[in-house]
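Now for the letters of each chain:
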Amino acid sequence: MPADEHVTVPQTLRQRRRAAATREILDAAEHHIAESGPAALSLRAVARGLGMTVQALYHYFPSREALVTELIAKAYGDLADAVQAAVDTALDDTAPDEPGLPRLVIAAEGYRRWAVAHPERFQLLYGTPLRDYAAPVEGPTTQAMRRMSSIFEREMFDGFTVAQLAAAETPALSPELRAYLEQLPHYGPGRLPPPATALLLSAWGHLNGLVILEVFGHASFLGGHQAEIFRLAMRNLLDDVHRQIPASASASASAGTGSGSGSGAGLSG
């Protein structure tokens with residue numbers, strides 16, 4: 001057997017039972033959130049719904065914070081799965097209702113559909129912060145969020161070189177902002193130049209803001225046209241971002257435009 005070949009060790013009966021019980025607890029917690037909202041989540045309520053004692057629940061989740069962390073990580077994971085599935089379907093050419101629709105738009109629509117279908121779980125991610133809860137630094141919620149961020153980064157900047165992204169024609173970044181963007185944790189396959197990071201964060205705020213408005217009921221005046229308006233907005237967003245990236249870095253430099261050189265770090269690491 002090759003040295004680098006991984007061997008899967010079967011779980012013990014105790015491990016399988018624990019995994020099954022953990023899944024059941026998470027399902028019950030998600031059901032409770034769907035009925036009463038994230039703020040009403042408590043170990044006592046979840047235990048009551050499962051017909052078990054709070055003390056028994058502590059064997060799986062020692063605190064409400066631990067349960068919330070797992071629920072947030074799972075929600076991010078399910079949301080990322082939905083976004084990736086939308087992109088995969090488009091790559092297979094089995095579903096697009098509009099041929100040639102950019103994959104970033106398709107990914108955004110997958111994001112929106114999941115949020116609209118699971119409003120309470122989406123609110124757990126982007127609604128009012130839960131009282132006395134703080135996600136663990138570099139914990140499972142961060143890891144789950146990074147996966148989704150990398151999908152949107154890939155679809156937004158696919159086909160552009162690092163030099164092009166570094167020469168993006170954003171408004172001039174202050175030295176303080178540039179330094180801050182350079183030290184931010186990066187979630188994609190490599191490190192984005194500061195101008196591209198600024199574009200990504202701005203686009204993300206626009207995308208997520210529109211979804212939040214819809215999920216929280218502030219776009220209901222659009223009736224059945226919300227999906228069409230969202231697609232139009234995402235097309236315009238992508239066009240605006242790509243318009244700020246020069247066709248070639250040398251052309252941008254010779255014209256004296258853009259926000260200057262980037263960090264020199266690339267998407268390929």
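Up top is the structure these notes are about.
Visitor: Tell me what's going on with the nonpolar core, and back it up with residues and numbers.
Guide: Judged by nonpolar contacts, the single largest core of 61 residues is most densely connected at Leu 67, Tyr 111, Phe 152, Met 156 and Phe 157. A per-element tally of this core places helix H4 (residues 64-91) first, with 12 residues. Once residues within four sequence positions are removed from consideration, Tyr 111 is found in contact with Leu 79, Val 83, Phe 122, Tyr 126, Met 148, Phe 152, Trp 204, Leu 207, Asn 208 and Val 211.

Visitor: Describe the packing of helix H5 (residues 103-117) against helix H7 (residues 140-157), with residues and values.
Guide: At a closest axis distance of 8 Å, the pairing of H5 and H7 adopts a crossing angle of 150°. Considering their axes alone, H5 and H7 lie roughly antiparallel with respect to each other. Considering only the axes of H5 and H7, their crossing is left-handed. Facing H5, whose interface residues are Arg 103, Leu 104, Ala 107, Ala 108 and Tyr 111, H7 presents Met 148, Phe 152, Glu 155 and Met 156. When its residues are assigned to classes, the contact of H5 with H7 shows seven nonpolar, no polar and two charged.

Visitor: Please provide a residue-by-residue account of unusual backbone geometry, values included.
Guide: Its identity as a non-glycine residue notwithstanding, Asp 132 has a phi of 65°, on the positive side. The residue Asp 132 is located in the loop between helix H6 (119-126) and H7 in this model. Classification of Asp 132 as exposed rests on a relative accessible area of 68%. The backbone phi angle of Glu 138 is positive, close to 55°, even though this residue is not glycine. Examined against the element boundaries, Glu 138 turns out to sit in the loop between H6 and H7.

The rules behind the values
Residues numbered from 1 in each chain as written. Predicted model: local features only at pLDDT ≥ 70, side-chain atom pairs only at ≥ 80, totals over all residues. Heavy atoms only, no water. Core = buried A, V, L, I, M, F, W, Y, C linked by side-chain atoms within 4.5 Å. Buried < 20%, exposed > 50% of the residue type's maximum accessible area, 1.4 Å probe, protein only. Helix = DSSP H or I, 4+ residues; strand = E, 2+ residues; numbered from the N terminus. Contact = heavy atoms within 4.5 Å. Axes fitted to C-alpha atoms, helices over the stretch in contact; angles between N-to-C directions. Parallel < 35°, antiparallel > 145°, perpendicular 65-115°, else oblique. Left-handed = near helix turned anticlockwise from the far one by under 90°. Nonpolar A, V, L, I, M, F, W, Y, C, P; charged D, E, K, R; others polar.

These values are about where atoms sit, not about what they do.
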